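Each chain, letter by letter, is given below.
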Amino acid sequence: MAAGAGSAALGRAALAAPLVLLYYGFSIGITFYNKWLMKSFPFPLLVTLLHLLLIFGLSALARGLARCRSGRPRAALSWADCLRRAAPAALSTSLDIGLSNWSFLYVTVSLYTMTKSSAILFILLFSLLFKLEEVRVTLLLVVLLIAGGLFMFTYKSTQFNTQGFVLVLCASFLGGIRWTLTQILLQKAELGLQNPIDIMFHLQPLMFLGLFPLFAVFEGLPLSISEKLFRFHEAGMLFSLVGKLFLGGILAFGLGFSEFLLVSRTSSLTLSIAGIFKEICILFLATRLLGDRLSLLNWLGFAVCLSGISLHVILKAVNSKGEKALKLHKEASSDPDLELLLRHTERGEEEEEDVETPQQH
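Residues numbered from 1 in each chain as written. Predicted model: local features only at pLDDT ≥ 70, side-chain atom pairs only at ≥ 80, totals over all residues. Heavy atoms only, no water.

Undergrad: Just checking my understanding: could you explain the packing of helix H2 (residues 44–70) against helix H3 (residues 79–103) for this structure?
TA: Two measures define how a pair of helices packs: the angle their axes make with one another and the distance between the axes. Remark: H2 packs on H3, axes separated minimally by 8 Å, with the N-to-C direction vectors making an angle of 135 degrees. Classified by the angle their axes make, H2 and H3 are oblique. Note that H2 runs across H3; the crossing there is right-handed. The residues of H3 that touch H2, namely those facing Pro44, Leu45 and Thr48, are Ile97, Gly98, Asn101 and Trp102. Counted by class, the contact of H2 with H3 contains four nonpolar, three polar and no charged residues. (Axes fitted to C-alpha atoms, helices over the stretch in contact; angles between N-to-C directions. Helix = DSSP H or I, 4+ residues; strand = E, 2+ residues; numbered from the N terminus. Parallel < 35°, antiparallel > 145°, perpendicular 65-115°, else oblique. Left-handed = near helix turned anticlockwise from the far one by under 90°. Contact = heavy atoms within 4.5 Å. Nonpolar A, V, L, I, M, F, W, Y, C, P; charged D, E, K, R; others polar.)

Okay, here's the thing in structure tokens:
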């Protein structure tokens, strides 16, 4: 039995390894891609809108291929249902992504990564508000560790930018709303949006409409007089830009799809643990490739923040195991054949004890 459990664990690890590497490639790739693109094309909201259109097209293509392969129709919501049920999640998601990309104009990759880690604080806050989590002392400890680590990381940072930091913090706040609402959306079985491809397909148009007014106000006029898109001198420059934007859309779609593969084939715990090590990789690469400067206090703050995130992941794993054990116990109690077997076993044990008791006297 032990050998069988060990081989099963090795099998799961062998399956998870390539999926984690795929997730790392897309996630780390899009982080450095956004920083690189903002240096030559400083229109983050336009970039986000174009990526949303591309993701919508790719998700529609994926849905079409899945329908042809299975022969079953995919989930389809009317515009009225989308606006009523999915609009809040779509708006918070679009603003989260848009403000995150906007922040790359001002902050380093390391500061972005560290500040974005604070999203878990807001996720916990909104989980408490929506009663998806219960107030516990351990949750307060998680909040204190992450908040304290973030303060230590940003304290007297040599590459700190207030405007960029506020943008990332707002994006983290919206990320807390985003994932809470998305979780609620996924739990509504009647909508049939358990597959993230279907969610991406339905949310992208609403996300585009939600972000467009912000783009029109802040980037509409500067873009209209910019040589980088409308007033270009060479066709080659335009084609190069289109290629760069298309690459970003592929990375964004690949990130969402790799997250889905990782969670569906392994677990959300695997994704959480992979996310912790991903942030370590990003900070290491940022200091080596981009020259981000971090002091000893900054690294210590990063370690404190990661300890808080790790504690949260461990607590979720323990709670998940407890819930599964309780569920199995309830299922066993509801099975009349199993319940009869258990009673028969208990009666047999009692009879054995009655036989052994006189011998001991």
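Read on, since the account is not over.
Undergrad: For this particular structure, what's the right way to read the side chain of Ser27?
TA: Position of Ser27 relative to the elements: it lies in helix H1 (residues 2–40). The buried category is assigned to Ser27, whose relative accessible area is 4%. Look past the residues within four positions of Ser27 in its chain and what remains in contact with it is Leu255 and Lys278. (Buried < 20%, exposed > 50% of the residue type's maximum accessible area, 1.4 Å probe, protein only.)

Undergrad: Sorry, what's going on with the confidence of the model for the protein chain here?
TA: The predicted model of the protein chain has a mean per-residue pLDDT of 77, with 74% of residues at 70 or higher. Counted against residues more than four places away or in other chains, residues 334–346, with its pLDDT under 50, gives three contacts. The model gives residues 355–361 a pLDDT under 50, and that stretch makes zero contacts with residues more than four places away or in other chains. (pLDDT = per-residue confidence, 0-100.)

Undergrad: Teacher, can you tell me more about the side chain of Asp96 here?
TA: Residue position: Asp96 is located in helix H3. Residue Asp96 is classed as buried on the basis of its relative accessible area of 3%. When near neighbours in sequence (up to four residues on either side) are disregarded, Asp96 contacts Lys116, Ala171, Leu174, Gly175 and Arg178.

Undergrad: So what exactly am I meant to see when it comes to the UniProt feature "transmembrane region" (unreviewed entry) in the protein chain here?
TA: Sites flagged by UniProt as "transmembrane region" (unreviewed entry) map to residues 40–65, 111–130, 137–153, 165–186, 206–225, 237–257, 269–290 and 296–315. A distance of 36 Å separates the end C-alpha atoms of residues 40–65, which is 88% helix and 0% strand. (UniProt positions renumbered as here; feature names shortened; annotations may be inferred.)

Undergrad: Is there a simple way to think about the nonpolar core in this case?
TA: If you look at soluble globular proteins, the nonpolar side chains tend to sit buried side by side. Counting 73 residues, the largest nonpolar core has Leu37, Phe41, Ile146, Phe153, Leu203 and Ile309 as the members making the most contacts within it. A per-element tally of this core places H1 first, with 10 residues. Those residues in contact with Phe153 that sit more than four places away from it in its chain are Ser110, Leu111, Met114, Leu283, Leu294, Asn298, Gly301 and Phe302. (Core = buried A, V, L, I, M, F, W, Y, C linked by side-chain atoms within 4.5 Å.)

Undergrad: What should I look at first to understand the pattern of salt bridges in this one?
TA: It is possible for side chains bearing opposite charge to pair when their charged atoms get close. In the structure shown here, the tally under the stated rule is three salt bridges. Asp198 is paired through a salt bridge with Arg63; the nearest N and O atoms lie 2.6 Å apart. In this pair, Asp198 sits in helix H8 (residues 196–218) while Arg63 sits in helix H2, placing the two residues 135 residues apart along the sequence. A relative accessible area of 3% means that Asp198 is categorised as buried. Residue classification places Arg63 among the buried residues on the basis of a relative accessible area of 7%. Among the charged side chains, a salt-bridge network with shared partners connects Asp96, Lys116 and Arg178. (Salt bridge = Lys/Arg side-chain N within 4 Å of Asp/Glu carboxyl O.)

Undergrad: Quick question: what am I supposed to make of a nonpolar patch on the surface here?
TA: A surface patch of nonpolar side chains, about 390 Å² in accessible area, is lined by Phe151, Tyr155, Leu297 and Leu300. With respect to the element layout, Leu297 can be found in helix H12 (residues 296–334). By relative accessible area, Leu297 is classed as partly exposed at 33%. (Patch = residues over 30% accessible without salt bridge, like charges linked within 9 Å, V, L, I, M, F, W, Y side chains within 5 Å. Areas by Shrake-Rupley, 256 points an atom, 1.4 Å probe, with all protein chains shown as cover.)

Undergrad: When you look at the environment of Asn101 in this model, what are you seeing that I'm missing?
TA: Of note, Asn101 is situated in helix H3. For Asn101, a relative accessible area of 7% gives the class buried. Residues Asn101 and Leu37 lie 64 residues apart in sequence; the distance between their C-alpha atoms is 9.9 Å. Setting aside its immediate chain neighbours within four residues, Asn101 contacts Asn34, Met38, Pro44 and Thr48.

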